[in-house]
Amino acid sequence: MSAFLALIRRDLLLSFRIGGGPFLGLAFFLTVTAMLPLGVGAKLNLLGEAAAGFLWVAAALASLLSLDRLFQADAEDGSLDQLALGALPLEFAVLAKAIAHWLTTGLPLTLAAPVLALMLNMPEAGYATLTLSLLVGSPVFSLAGAIGAALTAGLRRGGLLLSLLVLPLFVPVVVFGAGAVSAAINGFEPGPAFLFLGAISLFSLVLGPVAGAAALRIHLS
Amino acid sequence: MIAGVEVTGQGLSCRRGDRLLFEGLSLTARPGTLTAITGPNGSGKTSLLRMIAGLLKPEAGAVTLKKAGAVDDEPGSLLCYLGHHDALKAQMTARENLDFAARWQGAAREAGEALGRLGMARQADLPVGYFSAGQRRRTAFARCWMVGRPVWLLDEPTAALDSAGRAVVIELIAAHVAEGGTVIAATHEPLIAGAAELRIV
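Sequence positions are assigned chain by chain, starting from 1 and proceeding in written order. The naming scheme follows written order: chains are lettered A onward, ligands numbered 1 onward. Totals for whole chains, interfaces and linings use every residue, but because this is a predicted model, local features are given only for residues with pLDDT of at least 70 and side-chain atom pairs only at 80 or more, for both listing and counting.

*Asks:* I keep staring at the overall build of chain B and nothing clicks. Help me out?
*Replies:* In this text, helices come from DSSP runs of H or I with a minimum length of four residues, and strands from runs of E with a minimum of two, each type numbered from the N-terminal end. Helix and strand content of chain B: five helices and nine strands. Taken against the 2.2 N^0.38 rule, which gives 17 Å for 201 residues, the C-alpha radius of gyration of chain B at 16 Å falls within 12% of a compact globule. Projecting the C-alpha coordinates of chain B onto the three principal axes gives extents of approximately 45 × 35 × 30 Å. For chain B, with 201 residues in total, the buried portion stands at 44%. Placing a C-beta atom from the backbone of each residue, one calls two residues in contact when those atoms lie within 7 Å. A separation threshold of at least 6 residues defines the contact pool for chain B, and within that pool the share at least 24 residues apart is 72%. For the radius of gyration, the atom set is restricted to C-alpha positions; the globular benchmark scales as 2.2 Å times the number of residues to the power 0.38. Neighbour counting defines burial: a residue surrounded by 20 or more other C-beta atoms within 10 Å of its own C-beta is buried, one with 12 or fewer is exposed, and intermediate counts give partly exposed, using backbone-placed C-beta atoms.

*Asks:* For this particular structure, what's the right way to read the overall build of chain A?
*Replies:* Across its full length, chain A holds eleven helices and zero strands. For a compact globule of 221 residues, the expected C-alpha radius of gyration is about 17 Å, and chain A comes in at 18 Å, within 12% of that figure. Expressed along its principal axes, the backbone C-alpha trace of chain A runs to roughly 55 × 35 × 30 Å. By the burial criterion, 49% of the 221 residues in chain A qualify as buried. Put simply, 81% of the contacts in chain A that link residues at least 6 apart link residues at least 24 apart.

*Asks:* Explain the interface of chain A and chain B to me, please; I cannot follow it from the model alone.
*Replies:* Often, the extent of an interface is quoted as the loss of accessible area on bringing the components together. Listed per partner, the contact involves 20 residues of chain A and 21 residues of chain B. Residue assignment for the side of chain A that touches chain B shows that the elements contributing at least two residues are helix H1 (2-19) and helix H5 (79-84) of chain A. At nine residues, the largest contribution of residues to the side of chain A that touches chain B is made by H1 of chain A. Residues are grouped as follows: Ala, Val, Leu, Ile, Met, Phe, Trp, Tyr, Cys and Pro are nonpolar; Asp, Glu, Lys and Arg are charged; every other residue, Gly included, is polar. A class-by-class count of the residues in the side of chain A that touches chain B yields ten nonpolar, six polar and four charged.

*Asks:* I tried to follow the sheet that holds strand S6 (residues 79-82) of chain B on my own but got confused; where do I start?
*Replies:* Strand pairing in a sheet relies on backbone hydrogen bonds. The paired strands run either parallel or antiparallel. Residues and elements named next belong to chain B. Only strands that DSSP links by at least two bridges are regarded as paired with each other. Strand order in the open sheet made by the five strands is S6-S7-S8-S3-S9, with parallel pairing throughout. Whereas interior strands pair on both sides, the edge strands pair on one side only; in this sheet they are S6 and strand S9 (196-199). Neighbouring strand axes in the sheet, compared pairwise and without regard to direction, differ in orientation by 15° on average. Sheet topology places strand S3 (residues 33-38) next to strand S8 (residues 182-186); five bridges connect them, and they run parallel. Across the sheet, threonine 33 pairs through a bridge with threonine 182, a residue of S8. Whenever a helix is involved, its axis is fitted only over the stretch in contact; in every case the axis is a line through C-alpha atoms, and angles between N-to-C directions fall within 0 to 180 degrees.

*Asks:* Any chance you could explain the packing of helix H2 (residues 23-40) of chain A against helix H7 (residues 106-119) of chain A here in plain terms?
*Replies:* When two helices pack together, their arrangement is given by the angle between the helix axes and the distance between those axes. Residues and elements named next belong to chain A. Contact geometry of H2 with H7 gives a least axis separation of 10 Å together with a crossing angle of 20°. Relative to H7, H2 is oriented roughly parallel. Between H2 and H7 the crossing geometry is right-handed. Here Gly25, Leu26, Phe29, Leu30 and Thr33 of H2 come into contact with H7, specifically with Pro108, Leu109, Ala112, Leu116 and Met119. Looking at the contact of H2 with H7 residue by residue, the classes come out as eight nonpolar, two polar and no charged. Any angle that falls under 35 degrees is termed roughly parallel, while one over 145 is termed roughly antiparallel, one within 65 to 115 roughly perpendicular, and all others oblique. Each crossing gets its hand from how the near helix is turned against the far one by less than a right angle, where anticlockwise is left-handed and clockwise is right-handed.

*Asks:* Explain the pairing of S3 of chain B here, please?
*Replies:* Sheet faces and side chains relate simply in a regular strand, where the side chains alternate between the two faces. Here four bridges tie S3 of chain B to S9 of chain B, and the two strands are oriented parallel to one another. Note that in S9 of chain B the partner of threonine 35 of chain B across the bridge is alanine 196 of chain B.

*Asks:* What is the right way to look at the environment of valine 140 of chain A in this model?
*Replies:* Residues and elements named next belong to chain A. If you trace the backbone, valine 140 turns up in helix H9 (residues 139-151). Measuring from C-alpha to C-alpha, the distance between valine 140 and tryptophan 102 comes to 8.9 Å, with 38 residues separating the pair along the chain. Beyond its immediate chain neighbours, meaning those up to four positions away, valine 140 contacts Phe170, Val173, Ile200, Ser201 and Ser204.

Below, the structure written as structure tokens:
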């Protein structure tokens, strides 16, 4: 457990010292959201209707920003070898790194989302569901994203390929996440969409570390 | 004394892409010995070390690490690997790098003691990004010494080191061998007297 926490702590430290920690993803999220009304125009009803779906898509893209360096930096400087020779299996290293990634992207985005929803004139009935659905669903961006990051760890310009690999995996999360918020706004029960969201999240919690570690082993050899 | 670990490789073959680097290579490294892997650049010295470390799957053959009569199938807990990359984070200080390694891989010694032994006590709290290649090499070797496993796999351990650094590294390797450790090093220079040589052509 101490080794696992040490790796999370190391990645958080590096994220703050290299990329401004959680603020880079947040700034992107904020900027893109601020551009939507500029593009669409001051049509408050239209913005309010599109807000939930738009915020989910923006959160997915903001998570993607720092994903390409998740394993690439460790692969370049040889740290990946040391991670593979640690006390814990490589699967736990992938999980720890995905958790650190979520703490610096998914979590701050979740906390900022209600404020941006207000900016986009989203109906009040959706705020709680939006925050809760992002809390449940955004870990998928880091966990499923880790698979793509592991597959492209050895590529110098792997960012584009990474997007093509993982964005399809993000689709169900965006569908059910935005679906839950729409349901809550329109007076329906968001429960079923939430259950799907939770199921996808749990599934990627298992699949992400296992598939990510398998991809890293291919990279090492 | 260290619990002796015998490293054996049987019929090892290595293929990188289409090229067969070596074939049918066997080695035995007993506790208390240094085995120097020599050979021209690109002959597969690093690949062989990575195979022994379990990072690279051999095309054919098998590597076993035998500790006190029992076959241990978790070789990662018996060895430390010093690759030709130093595996240090430029944004973290030398001490932070070693402290993380101590928690991830376990440690037999204090990080401060290990850095001091390699002459890095004054630079311990500077970010590794400011270090020269030789200082990084010293820090990476300090990590290996701190982790303190019975088997050391060293890829050019003295690369980029000045004569003082080289002397410390050779002294620590000799001490480890004298205590019953197993050292396998890919190197171009004679590290200690009486080392067995394994030549890859």
